[in-house]
Amino acid sequence: MQSFKKIKTIITPLDKVNVDTDQIVPKQFLKLVQKSGFGKFLFYNWRYNDQEQLKSDFVLNESKYKNSKILVAGDNFGCGSSREHAVWALLDYGFSVVIAPSFADIFYSNCFKNGLLPIVLDEKIIEKLQLETGDVEVDLENQIIKTNSKTIPFDIDSHKKKILLEGLDDIAQTLFYEKKITEFENQSKIPSVL
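1. Section: the sheet that holds strand E2 (residues 11-14)
With parallel pairing, the four strands of this open sheet are ordered in space as E2-E3-E4-E5. Sheet topology places E2 and strand E5 (117-120) at the edges, where each strand pairs with a single neighbour. Sheet twist, expressed as the average angle between the axes of neighbouring strands with direction ignored, equals 20°. In the sheet, E2 pairs with strand E3 (residues 70-73) via four bridges, with the strands oriented parallel. Bridge pairing links Leu14 to Ala73 in E3.

So, in structure tokens, the structure goes:
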């Protein structure tokens, strides 16, 4: 997992609430066994018509958002089933940050396990942020978001912050305790009787 420190880019405003994981990546695309390759299926039913052509009226299809790494969405983002593929799709598409008034618990947890920074902000701040047209900087270390006109602080659990700053997935976190695990295993061994 890559470490996250700071990112500066325009935001992609997704003015929708209750965006569930099936809307983020529909179930028919869950056949891949690796974490990559899901970006092309992100918001598939909103991005494409029945002939699999891009819809001109969906925000991700606007060329100005092509390189955006920050998604700003409505309340209850990531609700629905607990599929981790939703986070994989967001990351694979190119997003590093998702900002919303609230997230579904499992989706929120999956973000940290995969290196995606979810930020919870007040709905009024979100509404103003969605109107930003210039670059926005997200600074995890200092827990601030900088726009052209203001600085917005955000809260984050210190352990989750450390995970992202250091790029630690579950395996990397476990390996910190490798010596203690080995010591425990050695103490717990039952002597063989021969």
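2. Observations concerning helix H6 (residues 158-166)
Three- or four-residue spacings in an α-helix give side chains the same orientation, since the helix completes a turn every 3.6 residues. Residues Lys161, Ile163, Leu164 and Leu165 constitute the buried set of H6. One side-chain oxygen at the N-terminal end of H6 lies 3.0 Å from the backbone nitrogen of His159; it belongs to Asp157. Once H6 ends, the next one or two residues include Gly167, with phi positive near 65°.

3. Notes on a negative patch on the surface
A surface patch of like charges, here negative, comprises Asp15, Asp75, Asp122, Glu123 and Glu127. With respect to the helices and strands, the residue Glu127 is situated in helix H5 (residues 123-129).

4. Topic: the packing of aromatic side chains
Centre distance and the angle of the planes are the two values used to describe a pair of aromatic rings. Scanning the entire structure with this criterion turns up 14 aromatic pairs. Residues Phe29 and Phe41 carry aromatic rings whose centres are separated by 4.1 Å and whose planes lie at 5° to one another, so their mutual orientation is stacked. In this pair, Phe29 sits in the loop between helix H1 (21-24) and helix H2 (44-47) while Phe41 sits in the loop between H1 and H2, placing the two residues 12 residues apart along the sequence. Taken individually, Phe29 and Phe41 each receive the classification buried, so the pair is uniform in this respect. Arranged with centres 5.1 Å apart and planes meeting at 75°, the rings of Tyr108 and Phe112 form a pair that is edge-to-face. Here Tyr108 pairs with Phe112, and both are found in helix H4 (residues 105-114), just four residues apart, close to one helical turn. Of note, Lys16 hangs over the ring of Trp46, and the distance from its end group to the ring centre comes to 4.7 Å. The lysine or arginine in question, Lys160, covers the ring of Phe112, its NZ or CZ lying 5.6 Å from the ring centre.

Parameters and conventions
Note that residues are indexed from 1 along each chain, following the sequence as it is written. Totals for whole chains, interfaces and linings use every residue, but because this is a predicted model, local features are given only for residues with pLDDT of at least 70 and side-chain atom pairs only at 80 or more, for both listing and counting. As a rule here, side-chain values come from all non-hydrogen atoms in the structure, and water together with hydrogens is ignored. Two strands qualify as a pair provided that DSSP identifies no fewer than 2 bridges between them. Elements are defined by DSSP. Helices are runs of H or I of four residues or more, strands are runs of E of two residues or more, and each kind is numbered from the N terminus. Axis definition: a line fitted to C-alpha atoms, limited for helices to the stretch in contact. Angles are taken between N-to-C directions and run from 0 to 180 degrees. Think of it in three bands: with a 1.4 Å probe and only protein chains considered, a residue is buried below 20% of the maximum accessible area for its type, exposed above 50%, and partly exposed in between. Here a polar contact is recorded for every N or O atom pair within 3.5 Å, except that within protein the pair must consist of a potential hydrogen donor and a potential acceptor, and residues adjacent in sequence are included only if both atoms are side-chain atoms. The patches reported here contain residues having more than 30% relative accessible area and no salt bridge. Joining distances are 9 Å for like charges and 5 Å for nonpolar side chains (Val, Leu, Ile, Met, Phe, Trp, Tyr). In these tables, accessible area is a Shrake-Rupley quantity obtained with a 1.4 Å probe, and a residue counts as shielded only by the protein chains included in the view. The rule for a salt bridge is simple: a side-chain nitrogen of Lys or Arg has to be within 4 Å of a carboxyl oxygen of Asp or Glu. Counted charges follow a simple rule, with Lys and Arg positive, Asp and Glu negative, and His plus the chain ends left uncounted. Where a charge sits is defined by one atom per residue type, namely NZ (Lys), CZ (Arg), CG (Asp) or CD (Glu). The aromatic pairing rule takes the rings of Phe, Tyr and Trp, using the six-membered ring of Trp, and pairs them if the centres are within 6.5 Å, calling planes under 30 degrees apart stacked, those over 60 edge-to-face and the rest tilted. Cation placement over rings: the criterion is NZ of Lys or CZ of Arg within 6 Å of the ring centroid and within 35° of the ring normal.

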